[in-house]
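Below are the chains, spelled out letter by letter.
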Amino acid sequence: MSKQHRLPAAARAPAPDAPPADTAEGTLAGDVLRGLGATPKRLSSKYFYDARGSRLFERIMRLPSYYPTRVEARLLRRHARALLAALTPTGAAVELLELGSGDGRKTLALCREWLKVGASLSYRPMDISAQALERLGQRAARQLPALAVHPLCGDYFRTWPLPQARRQQVALFLGSNLGNFTDAEAHRFLRRVRAHLRAGDSLLLGLDLRKDPHTVLAAYDDPEGVTAAFNLNLLRRLNRELGMDFDLAGFRHYASYCPLQGVARSFLASLRAQTVHSRVLGESFGFERGEVIYTEQSQKYERAGVDAMVSACGFALHAWFEDPELPYALVVCRARG
Ligand code: AVJ
């Protein structure tokens, strides 16, 4: 059935002079149209990171309850040299590709340690945020002028640089960002990374592990309310970019953690029955009182599962560095032949 038949034309028509929105899969308009039309409603966490959302995420990373950032930084510091040896067993020159580098703070600290022990290093941070790459470039020039930095802005699978002869590629995917994917998406992602690498190249994953459920839940439900503001910011973004009329006071952040599946989930719960309209989509969405929008999942892993996952995607699990106090792992994966 064509879209026009579902609602009277008058209810869906955008302003007469507005071009129809691009609603292809993977566009904000298309993903919101389908996500809010589905049961249960859902929105992709990849849309959290507009300028305001990125700033809120930086605040999350400094929250006492949000342990992953601190634990990962501690592991990178503690094991910097062992990581270099595990990632580059032949001691070849390294092209370090960081997928979603953000401002690259943790990685620059790692580069500093690697340069100290004489590694030949070129660093290619890749991110969709030009702003973040700009800040990274400035930070690098200030703190590590000896490091060759070549930022790449855009979708990393499209901008992936061709391997240089005699340089080993080492891909970094840190921050437990893999955890935002479903299992199927994570497999697809890892296979795509593997397809860009040559046999013997490496991938370093930072992955949050299963632990006391209270600790995990607290990381996604801070008393300061920063995670709530981060989650609600998604609605603010839709108001701005899709001409929607979400009342932010009509929704509340709800976080859960299921220790059986090892997955933290975030939702926005509608505090009353309400209808929200999008000018750009020419579409209305009804909410029951208590109805939720599922906005994010953060998978917590265990070693056997990670081993099976990377092995199914063309890698071998080569080394595993785990924090003794708060379970979190740096996983060295080697691209198999
Ligand atoms: C950046 C995806 C790793 O899932 O822990 C933090 C994002 N969401 N608090 C995570 C996030 C809510 C974060 N990742």
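Shown above is the structure to which this text applies.
Residues numbered from 1 in each chain as written. Predicted model: local features only at pLDDT ≥ 70, side-chain atom pairs only at ≥ 80, totals over all residues. Heavy atoms only, no water.

S.K.: Just to check I follow, could you spell out the environment of Leu110 for this structure?
M.R.: On the secondary structure map, Leu110 appears in helix α6 (residues 105-116). When its relative accessible area of 2% is taken as the criterion, Leu110 is described as buried. Expressed as a C-alpha distance, the spacing of Leu110 and Ala329, which sit 219 residues apart in the sequence, is 16 Å. Among residues more than four places away in sequence, those in contact with Leu110 are Leu76, Ala80 and Leu83. (Helix = DSSP H or I, 4+ residues; strand = E, 2+ residues; numbered from the N terminus. Buried < 20%, exposed > 50% of the residue type's maximum accessible area, 1.4 Å probe, protein only. Contact = heavy atoms within 4.5 Å.)

S.K.: Quick question: what am I supposed to make of the nonpolar core here?
M.R.: For soluble globular proteins, the rule of thumb is that nonpolar side chains tend to be buried together. Grouped together as the largest cluster of nonpolar side chains are 66 residues, with contacts concentrated most on Val32, Leu83, Trp114, Leu204, Met244 and Phe246. Per element, the largest residue contribution to this core is 6 residues, and it comes from helix α11 (residues 226-241). If we skip the residues at most four places from it in the chain, Phe246 touches Leu36, Leu235, Leu238, Asn239, Phe251, Val276 and Phe287. Listed in part, the 31 residues of the second largest apolar core include Phe157, Leu190, Leu209 and Cys313. (Core = buried A, V, L, I, M, F, W, Y, C linked by side-chain atoms within 4.5 Å.)

S.K.: Honestly, the packing of aromatic side chains in this entry has me stumped. Any pointers?
M.R.: How two aromatic rings sit relative to each other is given by the distance of their centres and the angle of their planes. Here the structure, examined in full by the defined rule, presents 19 aromatic pairs. Ring centres of Phe181 and Phe189 lie 5.3 Å apart, and the angle between their planes is 45 degrees; on these two criteria the pair is classed as tilted. Phe181 gets classed as partly exposed once you look at its relative accessible area, which sits at 23%. A residue is classified by how much of its surface remains accessible, and Phe189, at 5% relative accessible area, is buried. With centroids separated by 5.5 Å and ring planes inclined at 75 degrees, the aromatic side chains of Phe246 and Phe251 adopt a geometry described as edge-to-face. (Phe/Tyr/Trp six-rings, centres within 6.5 Å; stacked < 30°, edge-to-face > 60°.)

S.K.: Explain the side chain of Thr88 here, please?
M.R.: With respect to the element layout, Thr88 can be found in the loop between α5 (80-87) and β2 (93-99). With relative accessibility at 7%, the residue Thr88 sits in the buried group. Those residues in contact with Thr88 that lie beyond four places of it in its chain are Val94, Gln168 and Val170.

S.K.: Quick question: what am I supposed to make of the pairing of strand β7 (residues 202-208) here?
M.R.: A regular strand carries its side chains on alternate faces of the sheet. The buried fraction of β7 amounts to 7 of the 7 residues, a majority that puts the element mostly inside the structure. Of the two faces of β7, the one lined by Ser202, Leu204, Gly206 and Asp208 and the one lined by Leu203, Leu205 and Leu207 are each fully buried. In terms of strand pairing, strand β6 (residues 167-173) meets β7 through 4 bridges, oriented parallel. Paired with Leu172 across the two strands is Leu204, which belongs to β7. Crossover β6 to β7 through helix α9 (residues 183-196) is right-handed. (Pairing = 2+ DSSP bridges. Right-handed = clockwise from strand over helix to strand, strands pointing away.)

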